[in-house]
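# Topology and contacts: notes
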Amino acid sequence: QVQLVESGGGLVQAGGSLRLSCVASGRTFSMYTMGWFRQAPGKEREFVAALSWSGTSTYYTDSVKGRFTISRDNAKNTVYLQMNSLKPEDTAVYYCAAGRFATAPMTSVRFYDYWGQGTQVTVSS
């Protein structure tokens, strides 16, 4: 099994930056595709970014392209989400996730088997 622990959320003004971290425990972390999702109050959990197990392919939802960057450090069992130029509409609880072997696309929550507890990101205007 994989356990994920997120950190790095907080309160930031619009235009600011945050870096979220997700530390994984368990075997074969490097073989998992890692994703970030977010969920605002009253809304569905939505895809934000994903990084393939190889670390060579990244995927982003249109609303964060050019602003967010997902990366991973397999030696530290950690995946990051660097968030720049934050907007109030980015406010949400952010979750990291790990998955593999699913037929669903990696932009879908159905792809992922393991989830972190979430970290709150609040962007003030």
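Everything below is about the structure shown above.
It should be emphasised that the depicted structure is a prediction, and the values quoted were computed from it without experimental measurement.

### Comments concerning the overall build of the protein chain
Within the protein chain, the secondary structure is distributed over zero helices and 11 strands. Ordering the α and β elements of the protein chain from the N terminus gives β-β-β-β-β-β-β-β-β-β-β. Relative to the compact-globule value of 14 Å for 125 residues, the protein chain shows a C-alpha radius of gyration of 13 Å, a close match. Principal-axis analysis of the C-alpha atoms places the extent of the protein chain at approximately 40 × 30 × 25 Å.

### Observations concerning the pairing of strand β5 (residues 46-51)
When you tally the buried positions in β5, you get five out of six residues, the bulk of the element. Of the pairings in the sheet, the one linking strand β4 (residues 33-39) to β5 comprises five bridges and is antiparallel in character. Bridge assignment links Gly35 to a residue of β5, and that residue is Ala50. Direction of pairing for β5 relative to strand β6 (residues 58-60): antiparallel, over a ladder of three bridges. Along β6, the bridge assignment pairs Ala49 with Tyr60.

### Observations regarding unusual backbone geometry
Located in the positive-phi region is Asn77, a residue other than glycine, with phi close to 55°. Along the polypeptide, Asn77 turns up in the loop between β7 (68-73) and β8 (78-83). Its identity is not glycine, yet Ser85 carries a phi of approximately 50°, on the positive side.

### Regarding the pairing of β4
Across the seven residues of β4, six count as buried, placing the element largely inside the fold. Joining the antiparallel neighbours β4 and β5 is a turn of six residues, in which Gly42 adopts a positive phi near 75°.

### Section: the state of the cysteines
The tally for this structure, following the rule as stated, stands at one disulfide. The partner cysteine of Cys22 in its disulfide is Cys96, sulfur to sulfur 1.9 Å. Because the sign of the S-S torsion sets the handedness, a value of about 45° for the bond joining Cys22 and Cys96 places this disulfide among the right-handed ones. With Cys22 in strand β3 (residues 18-25) and Cys96 in strand β9 (residues 92-99), the pair connects residues that are 74 residues apart, well separated along the chain.

### Here we look at the side chain of Glu6
Positionally, Glu6 belongs in strand β1 (residues 3-7). Among buried Asp, Glu, Lys and Arg side chains, Glu6 stands out as unpaired, with Arg45 the closest opposite charge at 7.9 Å. Not counting residues up to four positions away in its chain, the partners in contact with Glu6 are Ser21, Cys22, Trp36, Tyr94, Tyr95, Cys96, Gly116, Gln117, Gly118 and Thr119.

### Considerations on the sheet that holds β8
Sheet architecture is open: four strands sit in the order β1-β3-β8-β7, paired in antiparallel fashion. Pairing within the sheet leaves two strands with one partner each, and these edge strands are β1 and β7. Here the average twist between neighbouring strands, direction ignored, is 15°. In this sheet, β8 lies alongside β7 in antiparallel orientation, the contact comprising six bridges. Directly across from Arg72, in β8, lies its bridge partner Val79.

Reading the values: the criteria
- Residues numbered from 1 in each chain as written.
- Predicted model: local features only at pLDDT ≥ 70, side-chain atom pairs only at ≥ 80, totals over all residues.
- Heavy atoms only, no water.
- Helix = DSSP H or I, 4+ residues; strand = E, 2+ residues; numbered from the N terminus.
- Rg over C-alpha atoms; globule rule 2.2 N^0.38 Å.
- Buried < 20%, exposed > 50% of the residue type's maximum accessible area, 1.4 Å probe, protein only.
- Pairing = 2+ DSSP bridges.
- Disulfide = S-S within 2.5 Å.
- Lys, Arg positive; Asp, Glu negative; His and termini not counted.
- Salt bridge = Lys/Arg side-chain N within 4 Å of Asp/Glu carboxyl O.
- Contact = heavy atoms within 4.5 Å.
- Axes fitted to C-alpha atoms, helices over the stretch in contact; angles between N-to-C directions.

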